[in-house]
Amino acid sequence: QVQFVESGGGLVQPGGSLRLSCAVSGIIFGASAMSWYRQAPGKQRELVAAITSGASTNYADSVKGRFTISRDNAKNTVYLQMNSLKPEDTAVYYCKANWRARNYWGQGTQVTVSS
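The model shown is predicted, which means the values in this text are computed figures rather than measured ones. (Residues numbered from 1 in each chain as written. Predicted model: local features only at pLDDT ≥ 70, side-chain atom pairs only at ≥ 80, totals over all residues. Heavy atoms only, no water.)

Description of the environment of A74
Here is the rule: Segments assigned H or I by DSSP are reported as helices when at least four residues long, segments assigned E as strands when at least two residues long, and all are numbered from the N terminus. Accessible area is worked out with a 1.4 Å probe on protein chains only. A residue is then buried under 20% of its type maximum, exposed over 50%, and partly exposed in between.
Mapped onto the elements of the fold, A74 is located in the loop between β7 (67-72) and β8 (77-82). A residue is classified by how much of its surface remains accessible, and A74, at 76% relative accessible area, is exposed. A sequence separation of 45 residues divides A74 from F29, and the C-alpha atoms of the two residues are 9.1 Å apart.

Spelled out as structure tokens, the structure:
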């Protein structure tokens, strides 16, 4: 029904960059708020960045100035550009859609920042 295709994760050195992509089907993407969460080992899942249907954005303080969330409604895809990566950014990153007051979650993609 609701399907997510997450990509772009991987291993990167501190200071490097990655771009995550999340393509969603089964919802009205343009009417949905999209967000990225992450969960590091032994920690709770936390909000990283969010973007509304009107393209307003907000970020966790820990990533502000380094990460950028964007969306391409023609592709039903949300992106997370991650720059100046730090080891503490290591986590599984999850894409989330909110449509009609319900949350739908992607399967997650691993991001590892290590030298």
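Some remarks on the packing of aromatic side chains
Centre distance and the angle of the planes are the two values used to describe a pair of aromatic rings. Where we set the bar: We call Phe, Tyr and Trp rings a pair once their centres come within 6.5 Å, taking the six-membered ring for Trp, and we label the pair stacked below 30 degrees between planes, edge-to-face above 60, and tilted otherwise. Geometrically, a charge over a ring is one whose NZ (Lys) or CZ (Arg) sits within 6 Å of the ring centre while staying within 35 degrees of the ring normal.
Enumeration according to the criterion identifies 1 aromatic pair in this entry. Taking the ring centre of W105 as reference, the NZ or CZ of R45 above it sits at 4.7 Å. Seen from the ring of W99, R100 lies directly overhead, with NZ or CZ sitting 4.4 Å from the centre.

Comments concerning the state of the cysteines
This is how it is decided: Two cysteine sulfurs form a disulfide in these notes if their separation is within 2.5 Å.
Using the criterion set out here, one finds 1 disulfide in the structure. Across the disulfide, C22 is cross-linked to C95 (sulfur-sulfur distance 2.1 Å). The sign of the -85° torsion about the S-S bond sets the C22-C95 disulfide as left-handed. One end of the pair, C22, is in strand β3 (residues 18-25); the other, C95, is in strand β9 (residues 91-99), and 73 residues separate them in sequence. Residues C22 and C95 agree in their burial class; the two are buried.

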